[in-house]
Amino acid sequence: MILEIVSPEAKLFSGEVTSVSLPGVNGSFQILNHHAPIVSILEEGTVKIVAPSFNFSKEAADKFTRVNDQTYTLEIKSGTIEMKNNKIIVLVD
């Protein structure tokens with residue numbers, strides 16, 4: 001599935017991912033391949049991204065924390081997420 005993470009300043013990430021864990025207002029949740037369509041509000045917390053490879057823009061690389069070769073995290077203050085047709089768009093602050 002495709003993940004795009006966008007902030008007011010720039011596109012932080014765009015690429016193929018295996019899973020994404022997000023801090024929802026009603027608790028954390030995970031999205032896997034072929035997840036049902038969803039729209040949700042995010043609260044302050046950690047976005048965890050698992051992917052076979054990562055290519056960050058120079059400006060965005062310092063915002064992510066490397067957990068291992070296939071996992072990175074991103075701290076957010078708030079945001080929204082939409083999953084539809086195996087594409088996830090996350091708008092973050």
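Here the structure is shown first, and the text comes after it.
On a predicted model such as this, the values are computed, not experimentally measured, just so you know.

A. Region of interest: the overall build of the protein chain. Scanning the protein chain from terminus to terminus reveals zero helices and ten strands. If you list the helices and strands of the protein chain from N to C, you get β-β-β-β-β-β-β-β-β-β. Taken over the C-alpha trace, the protein chain has a radius of gyration of 12 Å; the compact-globule value for 93 residues is 12 Å, and the two agree within 12%. Dimensions of the protein chain, computed from C-alpha atoms along their principal axes, come out at roughly 30 × 25 × 20 Å. Counting only residues that meet the buried cut, the protein chain has 41% of its 93 residues in that class. Long-range pairs, those at least 24 residues apart, make up 54% of the contacts in the protein chain between residues at least 6 apart in sequence. Only carbon and sulfur atoms are counted for the fraction: they give 50% of the accessible area of the protein chain, which is about 5400 Å².

B. Representation of the environment of Gly-24 within the structure. Mapped onto the elements, Gly-24 comes out in strand β3 (residues 19–24). Sequence separation between Gly-24 and Ile-81 is 57 residues; the distance between their C-alpha atoms is 9.2 Å. Residues in contact with Gly-24, not counting those within four places in the same chain, are Phe-29, Ile-41, Leu-42 and Glu-43.

Quick notes on the rules
- Residues numbered from 1 in each chain as written.
- Predicted model: local features only at pLDDT ≥ 70, side-chain atom pairs only at ≥ 80, totals over all residues.
- Heavy atoms only, no water.
- Helix = DSSP H or I, 4+ residues; strand = E, 2+ residues; numbered from the N terminus.
- Rg over C-alpha atoms; globule rule 2.2 N^0.38 Å.
- Buried < 20%, exposed > 50% of the residue type's maximum accessible area, 1.4 Å probe, protein only.
- Contact = heavy atoms within 4.5 Å.
- Areas by Shrake-Rupley, 256 points an atom, 1.4 Å probe, with all protein chains shown as cover.

Honestly, it's all geometry; don't read function into it.
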